[in-house]
Amino acid sequence: GNSVTQMEGPVTLSEEAFLTINCTYTATGYPSLFWYVQYPGEGLQLLLKATKADDKGSNKGFEATYRKETTSFHLEKGSVQVSDSAVYFCALESSYKLIFGSGTRLLVRP
Amino acid sequence: DAGVIQSPRHEVTEMGQEVTLRCKPISGHNSLFWYRQTMMRGLELLIYFNNNVPIDDSGMPEDRFSAKMPNASFSTLKIQPSEPRDSAVYFCASSGTVDPGANVLTFGAGSRLTVL
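First, a word on what this report is: a plain description of the structure on this page. (Residues numbered from 1 in each chain as written. Chains lettered and ligands numbered in written order. Predicted model: local features only at pLDDT ≥ 70, side-chain atom pairs only at ≥ 80, totals over all residues. Heavy atoms only, no water.)

All names here are of chain B. If you walk across this open sheet you meet the 4 strands as E1-E3-E8-E7, and the pairing is antiparallel. Looking at which strands have only one partner, the edges of the open sheet turn out to be strand E1 (5-7) and strand E7 (65-71). Neighbour to neighbour, the strand axes of the sheet diverge by 15° on average, direction disregarded. Relative to strand E8 (residues 74-79), E7 runs antiparallel, the two being bridged by 5 bridges. Note on E8: the bridge partner recorded for asparagine 71 is phenylalanine 74. (Pairing = 2+ DSSP bridges. Helix = DSSP H or I, 4+ residues; strand = E, 2+ residues; numbered from the N terminus. Axes fitted to C-alpha atoms, helices over the stretch in contact; angles between N-to-C directions.)

So this is what it looks like as structure tokens:
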């Protein structure tokens, strides 16, 4: 069945460091891919999405490119801030629903 | 729009008690999802409604769980009787479309349930 695998956290970085959170997927066809972010005590919020191969989703300095050759959708940011500390979820669309990865906690230190 | 509204935000109850969680989706959204989040199992889809009709309840753990959507602006998730292993954060999410690639879910803030 369709599934998403994320790198385990926590990921701890200093402010202004480069961020990569790995995400790979298993799916039939080419589903839409998403990154959601969850801040403490809140629900998940859409961060970015890509609907077809080679698409790049971007928002708030974060980027992810849909790579069908490597079945990946890695999240990157060039310079993280303390306010980026949160849990990040990769997800794929399977029929009408989203299948989420296990989440990666990011902690950014001043 | 106030977003997806869930209540209560926190619920502490004793084993065997009935628990009812409530959700008000975004006005105009015709799809509603209930997810459960735990450390061990991550985010699990419990049930999905489209136009108030349950489409897929295969994620509902067992008969103790039930969900209803009597109208487009309200849904409930009930656990009866509750057990300690039901302790989790329950999220409601809604979407305005199920078109592939456009299925962006808006989540509520969640209901944290603790069953003692």
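Right, let's talk about the nonpolar core for a bit. Of all hydrophobic cores here, the largest spans 25 residues; its most connected members are A:Leu19, A:Trp35, A:Leu47, A:Leu48, A:Phe73, A:Leu75 and A:Tyr88. For this core, the secondary-structure elements that each account for two or more residues are strand E2 (11-14), strand E3 (19-21), strand E4 (23-26), strand E5 (33-38), strand E6 (44-50), strand E8 (62-65), strand E10 (86-94) and strand E12 (104-109) of chain A. For this core, the element with the highest residue contribution is E10(A), accounting for 4 residues. Setting aside anything within four residues of it in sequence, one finds A:Tyr88 in contact with A:Gln6, A:Ile21, A:Trp35, A:Tyr36, A:Val37, A:Leu47, A:Phe62, A:Leu75, A:Gly103, A:Thr104 and A:Leu106. One finds B:Val19, B:Cys23, B:Leu46 and B:Phe65 within the second-largest nonpolar core, a separate group that totals 21 residues. (Core = buried A, V, L, I, M, F, W, Y, C linked by side-chain atoms within 4.5 Å. Buried < 20%, exposed > 50% of the residue type's maximum accessible area, 1.4 Å probe, protein only. Contact = heavy atoms within 4.5 Å.)

Turning our eyes to something else, we now look at the side chain of A:Ser72. Residue and element names in this part refer to chain A. If you trace the backbone, serine 72 turns up in the loop between E8 and strand E9 (75-77). Look at serine 72 and you get buried, because its relative accessible area is 4%. Engagement of the side chain of serine 72 in a polar contact is seen with the side chain of threonine 70, the distance being 2.7 Å. Apart from the residues within four sequence positions on either side, serine 72 is in contact with Cys23, Thr24, Tyr25, Leu33, Thr65, Tyr66 and Arg67. (Polar contact = N/O pair within 3.5 Å; in protein donor to acceptor, adjacent residues only side chain to side chain.)

This part covers the side chain of B:Gln37. Within the element layout of this structure, B:Gln37 appears in strand E4 (residues 31-38). A polar side-chain atom of B:Gln37 sits 3.1 Å from a polar atom in the side chain of A:Gln38. With residues up to four places along the chain from it excluded, the contact list for B:Gln37 reads A:Gln38, A:Phe89, B:Gly42, B:Leu43, B:Ala88, B:Val89 and B:Phe91.

Let us now look at the state of the cysteines. All names here are of chain B. By the definition in use, this model includes 2 disulfides over all chains. Covalent S-S linkage joins cysteine 23 and cysteine 92, the inter-sulfur distance amounting to 1.9 Å. An S-S torsion of about -70° defines the bridge between cysteine 23 and cysteine 92 as left-handed. With cysteine 23 in strand E3 (residues 19-24) and cysteine 92 in strand E9 (residues 88-95), the pair connects residues that are 69 residues apart, well separated along the chain. Each member of the pair, cysteine 23 as well as cysteine 92, is classed as buried. (Disulfide = S-S within 2.5 Å.)

In this complex, chain A contributes 17 residues to the contact, which on the side of chain B involves 20 residues. Of the roughly 1500 Å² buried between chain A and chain B on both sides combined, carbon and sulfur atoms contribute 56%. There are 1 salt bridge connecting chain A and chain B. Across the pair B:Asp56 and A:Lys97 runs a salt bridge whose closest N-O atoms are separated by 3.9 Å. Our enumeration of links across chain A and chain B arrives at 4 residue pairs in polar contact (both at pLDDT 80 or more). Secondary-structure elements contributing two or more residues to the side of chain A that touches chain B are E5, E6, E10 and strand E11 (97-100) of chain A. Residue composition of the side of chain A that touches chain B, grouped by class: 8 nonpolar, 5 polar and 4 charged. (Buried area = accessible area lost by both parts, 1.4 Å probe. Salt bridge = Lys/Arg side-chain N within 4 Å of Asp/Glu carboxyl O. Nonpolar A, V, L, I, M, F, W, Y, C, P; charged D, E, K, R; others polar.)

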